[in-house]
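Now for the letters of each chain:
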Amino acid sequence: MKILYITDQVYLHGGAEKILIQKLNFWVNFFGYEVMLITLQQEGRKPFFPLDEKVKHFDLGVPGSAGSSFFTRENLSSLSDYTKRLKRKIEDYQPDGIFLISLGFVRYALPFIAGKFPIYNEYHTSYYGFQLGFEKLSPLKKIKKKLSYFLIERIENMYTNIVFLNQAEYDHYNRKNGVIIPNFYDDSEPRVDLPKEKQIISLGRLSYQKGYDLLIEAWDQISADVPDWRLSIYGNGEWHDKLHKQLETCQSRATIDLHPATNEVNKKLAASAFYVMSSRFETFPMVLLEAMSNKLPVVSFDCPTGPGAILTNGEDGILVENGNVSALALAIKTMIFDDAKREEMGAKARENVEKLDPELIMKKWDELVKLNPPRR
């Protein structure tokens, strides 16, 4: 069996990049399949997460930085060349299944160049995030965006399957070829037992989506009541300077630590008391699975569409109204003062997350591929 994955890049520290590499490693090590990864814009950088040496990696070298639009005046003239190169790679490799994680040009081109090979488009971004962006557009741009939505729906009907991570995303898009396969939790890094510090932890990209500005506001409301506790945030991103500037005006700044992204996730989680997610929107946040697998209960906004698909409110965590900073602050304070509840919820978190065991979830991917063999 041959599996081919196509994505923009794997050098960034993100949930989509991490689960992708974990799946690639699982394909080669558990199933023993041949696996190739084609990146579009790796820019000569190493993958952030360890990629098994058995996975073949080829970078197409598309101009521009990862995540940027390929449809610029400078790049359009090269579109035919890169599409032909990708088509040749596919034909030479003869995969049993092609999986795509990208919102770029390849999303439109793949159905026309994949030929007889089954193709699967994975959605790792929330429809709610697109909706927020749409609402900020001018009337003319909204019309153009609606036309692009119309086009992509027709294009995606040509895929073998569109894979969604949760029921809410599946219901929203209502694709006739849609299926649901959730992410699995990370068991690649050994869990460690460390003394729990009086520390609350959050990990993720420093961006509008992750809502760390709201988390800092919430912590500012309660920090005086819990002077021996700290809030630790790990991440890189475009909001780095903005958040540091926000800290300068906070009375709680002495008890907030902003760290760079870490590749010692389990170690940082194991030393923490519980996890906080302040995101404005999510899809299926990998970091919650990692926290729960380390026996951390979670306090989170009930944002569209991720945490509510993973957490059971009152059992393994606390969900509060999306964007309600005071409610988030109160839930954090409640968790701090209830040692017994933290321990009980943490044990339940570990139990619940094991339903998303890597072996169980990857068997669903394997079954999907075997249901749709290539035309020979």
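Asks: Explanation requested: the overall build of the chain in the structure shown.
Replies: In terms of regular secondary structure, the chain is built from 15 helices and 13 strands. Computed over its C-alpha atoms, the radius of gyration of the chain comes to 21 Å, within 12% of the 21 Å expected for a compact globule of 376 residues. Dimensions along the principal axes, computed over C-alpha positions, put the chain at roughly 65 × 50 × 40 Å. Counting across all 376 residues of the chain, residues that qualify as buried make up 53%. Put simply, of all contacts in the chain between residues at least 6 apart along the chain, 69% involve residues at least 24 apart. Total accessible area computed for the chain in this model is approximately 17200 Å², and 51% of it derives from carbon and sulfur atoms.

Asks: Help me understand the pattern of salt bridges, please; the structure alone is not making it clear to me.
Replies: Note on pairing: side chains with opposite charge can pair once their charged atoms come close. For the coordinates displayed, the defined rule picks out 19 salt bridges. The salt bridge involving K18 is made with E290; its shortest N-O contact spans 2.5 Å. Of this pair, K18 sits in helix α1 (residues 15-31) while E290 sits in helix α11 (residues 286-293), placing them 272 residues apart in sequence. E290 carries the same exposure label as K18, and that label is buried. A salt bridge links D225 to K333, with the nearest nitrogen and oxygen atoms 2.9 Å apart. Note that D225 is positioned in the loop between α8 (212-222) and β9 (230-234) and K333 in helix α13 (residues 325-337), a separation of 108 residues in sequence. One network of salt bridges, in which partners are shared, links R107, E156 and R175.

Asks: Sorry, what's going on with the side chain of T39 here?
Replies: Inspection of the secondary structure puts T39 in strand β2 (residues 34-39). Take T39: its relative accessible area is 0%, and that puts it in the buried class. A polar atom in the side chain of T39 sits 2.7 Å from the side chain of D59.

Asks: Before we go on, may I ask you to explain the packing of helix α4 (residues 105-113) against helix α6 (residues 139-156) in this structure?
Replies: Two quantities define a packed helix pair, namely the angle between the axes and the distance from one axis to the other. Interhelical geometry of α4 versus α6 gives an angle of 35° and a closest axis separation of 10 Å. Here α4 runs over α6; the crossing is left-handed. Here R107, Y108, P111 and F112 of α4 lie close against α6, whose contacting residues are L151, I152, I155 and E156.

Asks: What exactly am I supposed to notice about the environment of W229 here?
Replies: Residue placement: W229 occurs in the loop between α8 and β9. For the pair W229 and V35, spaced 194 residues apart in sequence, the C-alpha to C-alpha distance is 46 Å. Residues within four places of W229 in sequence aside, it is in contact with K198, Q199, I200, W219, T255, A273, F274, I336 and R342.

Asks: Explain the sheet that holds strand β11 (residues 274-277) to me, please; I cannot follow it from the model alone.
Replies: Two pairing modes exist for strands in a sheet, parallel and antiparallel, and in both the strands are linked by backbone hydrogen bonds. Pairing is parallel across the open sheet formed by 6 strands, whose spatial order is β10-β9-β8-β11-β12-β13. The open sheet terminates on both sides in strands that have one partner only, identified here as β10 (256-259) and β13 (317-320). On average, adjacent strands in this sheet sit at an angle of 20° to one another, irrespective of strand direction. For strand β8 (residues 199-203) and β11, the ladder comprises 2 bridges, and the chain directions are parallel. By the bridge assignment, I201 is partnered in β11 with Y275. In this fold α8 packs onto β8, β9, β10, β11 and β12 (298-301), with an angle of close to 175° to the strand it touches most, β9.

Asks: What am I meant to see in a nonpolar patch on the surface here?
Replies: Side chains of L103, F130 and Y149 sit close together on the surface and give an oily, nonpolar patch of about 260 Å² of accessible area. By secondary structure assignment, the location of Y149 is in helix α6. Assessed through its relative accessible area of 37%, Y149 is described here as partly exposed.

Asks: I tried to follow the sheet that holds strand β4 (residues 97-101) on my own but got confused; where do I start?
Replies: Strand order in the open sheet made by the 7 strands is β3-β2-β1-β4-β5-β6-β7, with parallel pairing throughout. One side of each edge strand has no neighbouring strand; the edge strands of this open sheet are β3 (56-59) and β7 (178-180). Here the strands of the sheet are splayed against their neighbours by 25° on average, with no regard to which way each runs. As paired elements, strand β5 (residues 119-122) and strand β6 (residues 161-164) share 3 bridges and run parallel to each other. Considered in β6, the bridge of N121 is made with I162. Together, β1 (2-7), β4 and β5 form the strand contacts of α4, whose direction differs from that of β4 by roughly 160°.

Asks: What is the right way to look at the nonpolar core in this model?
Replies: The tendency in soluble globular proteins is for nonpolar side chains to be buried side by side. Y5, W27, Y275 and W365 are the most contacted members of the largest nonpolar core, which has 51 residues in total. Sorting elements by how many residues they give to this core places α1 first, with 8 residues. Setting aside residues no more than four positions away along its own chain, Y5 makes contact with L20, K23, L24, W27, M36, L37, I38, F99, I101, E122 and W365. Within the second largest apolar cluster, 35 residues are counted, among which are L247, V320, V325 and A329.

Conventions and cut-offs
Residue positions are given per chain, counting from 1 as you read along its sequence in written order. Totals for whole chains, interfaces and linings use every residue, but because this is a predicted model, local features are given only for residues with pLDDT of at least 70 and side-chain atom pairs only at 80 or more, for both listing and counting. Note that the side-chain values use all heavy atoms of the structure and ignore hydrogens as well as water. Numbering goes from the N terminus for both helices and strands, where a helix is a DSSP run of H or I of at least four residues and a strand is a run of E of at least two. It is over C-alpha atoms that the radius of gyration is taken, and the globule rule equals 2.2 Å times the number of residues to the power 0.38. The classification of residues rests on relative accessible area computed with a 1.4 Å probe and restricted to protein chains. Under 20% of the type maximum is buried, over 50% is exposed, and intermediate values are partly exposed. Contacts between residues were defined by any pair of non-hydrogen atoms, one from each residue, lying within 4.5 Å. Accessible surface area values rest on a Shrake-Rupley calculation with a 1.4 Å probe, where residue burial reflects the displayed protein chains alone. Every case where a carboxyl oxygen of Asp or Glu lies within 4 Å of a side-chain nitrogen of Lys or Arg is listed as a salt bridge. Any N or O atom pair separated by 3.5 Å or less is treated as a polar contact, with the protein-specific requirement of one donor-capable and one acceptor-capable atom, and with residues adjacent in sequence counted only for side-chain atom pairs. Axis definition: a line fit to C-alpha positions, over the contact stretch in the case of helices; interaxial angles, taken between N-to-C directions, run 0 to 180 degrees. Crossing handedness is read from the near helix: turned anticlockwise from the far helix by less than a right angle, it gives a left-handed crossing, and turned clockwise, a right-handed one. Here the rule is simple: two strands pair whenever DSSP picks up at least two bridges between them. Residues enter a patch when their relative accessible area is above 30% and they make no salt bridge; the linking distance is 9 Å between like charges and 5 Å between nonpolar side chains (Val, Leu, Ile, Met, Phe, Trp, Tyr). Only buried residues count toward a nonpolar core, which is a set of Ala, Val, Leu, Ile, Met, Phe, Trp, Tyr and Cys residues joined through side-chain atoms within 4.5 Å.

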